[in-house]
Amino acid sequence: PFGVVPGWPALGLARLRMCAAIFLDQMSRNIVAVRGEGALDDAAGFRARCDAAALVLAMSLVVDVSGPAMGKQLLALGSPAELCFLSLVLRHSRKPKFIQISGHLLRSVVAELDSSSAGL
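Being a predicted model, the structure only gives us computed values, none of them experimental.

About the cut-offs
- Residues numbered from 1 in each chain as written.
- Predicted model: local features only at pLDDT ≥ 70, side-chain atom pairs only at ≥ 80, totals over all residues.
- Heavy atoms only, no water.
- Helix = DSSP H or I, 4+ residues; strand = E, 2+ residues; numbered from the N terminus.
- Contact = heavy atoms within 4.5 Å.
- Areas by Shrake-Rupley, 256 points an atom, 1.4 Å probe, with all protein chains shown as cover.
- Salt bridge = Lys/Arg side-chain N within 4 Å of Asp/Glu carboxyl O.
- Buried < 20%, exposed > 50% of the residue type's maximum accessible area, 1.4 Å probe, protein only.
- Axes fitted to C-alpha atoms, helices over the stretch in contact; angles between N-to-C directions.
- Parallel < 35°, antiparallel > 145°, perpendicular 65-115°, else oblique.
- Left-handed = near helix turned anticlockwise from the far one by under 90°.
- Nonpolar A, V, L, I, M, F, W, Y, C, P; charged D, E, K, R; others polar.
- Polar contact = N/O pair within 3.5 Å; in protein donor to acceptor, adjacent residues only side chain to side chain.

The next point concerns the overall build of the protein. Across its full length, the protein holds 5 helices and 0 strands. Traced from its N-terminal end to its C-terminal end, the protein shows the element sequence α-α-α-α-α. Contacts in the protein between residues at least 24 apart in sequence constitute 65% of all its contacts with a sequence separation of at least 6. Counting every atom, the protein has about 6700 Å² of accessible surface; 66% of that belongs to carbon and sulfur.

Attention shifts here to the pattern of salt bridges. Note on pairing: side chains with opposite charge can pair once their charged atoms come close. For the structure on display, the rule yields 4 salt bridges. One salt bridge in this structure joins R17 and D64, with 2.5 Å as the shortest N-O distance. Of this pair, R17 sits in helix α1 (residues 14-35) while D64 sits in helix α2 (residues 43-64), placing them 47 residues apart in sequence. Residue R17 is classed as buried on the basis of its relative accessible area, which comes to 5%.

We now examine the packing of α2 against helix α5 (residues 96-118). Direction vectors running N to C along α2 and α5 enclose 45°, while the axes themselves pass 12 Å from each other. For the element pair α2 / α5, the angle class is oblique. Crossing handedness for the pair α2 and α5: left-handed. Residue-level inspection shows L55, M59 and V62 of α2 in contact with α5, the latter providing F98, I101 and L105. Here the residues of the contact of α2 with α5 sort into 6 nonpolar, no polar and no charged.

Unusually for a residue other than glycine, R94 sits at a positive phi of about 60°. Topologically, R94 is positioned in the loop between α4 (80-91) and α5.

With respect to the secondary-structure elements, E82 resides in helix α4. Side chain to side chain, E82 and R15 meet in a polar contact 2.7 Å long.

See the structure below:
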């Protein structure tokens, strides 16, 4: 059922988890992009730790909505732009399974937006 997975944080915190995942994913890249690789003593390690935490948070959202093909539930958590950034969290893992989930997530959101705008 929606939001009832043992061990995952409560669904009420889903939006916060989404924002935290996006922040961690983007912040680690932005620091290096703006300040250069030498800005952090261990830029690669810092990015890896941020990516690992962001990936867990992103996947907790996918689990909460019962999978990446649940566009309506995903759109209840965030805007289309936020969900695009959430998909980046998954793609930045560079792991085929997470990249595949990212694609399903985006296609699901587009399909839901198409179906909801068709009635206008």
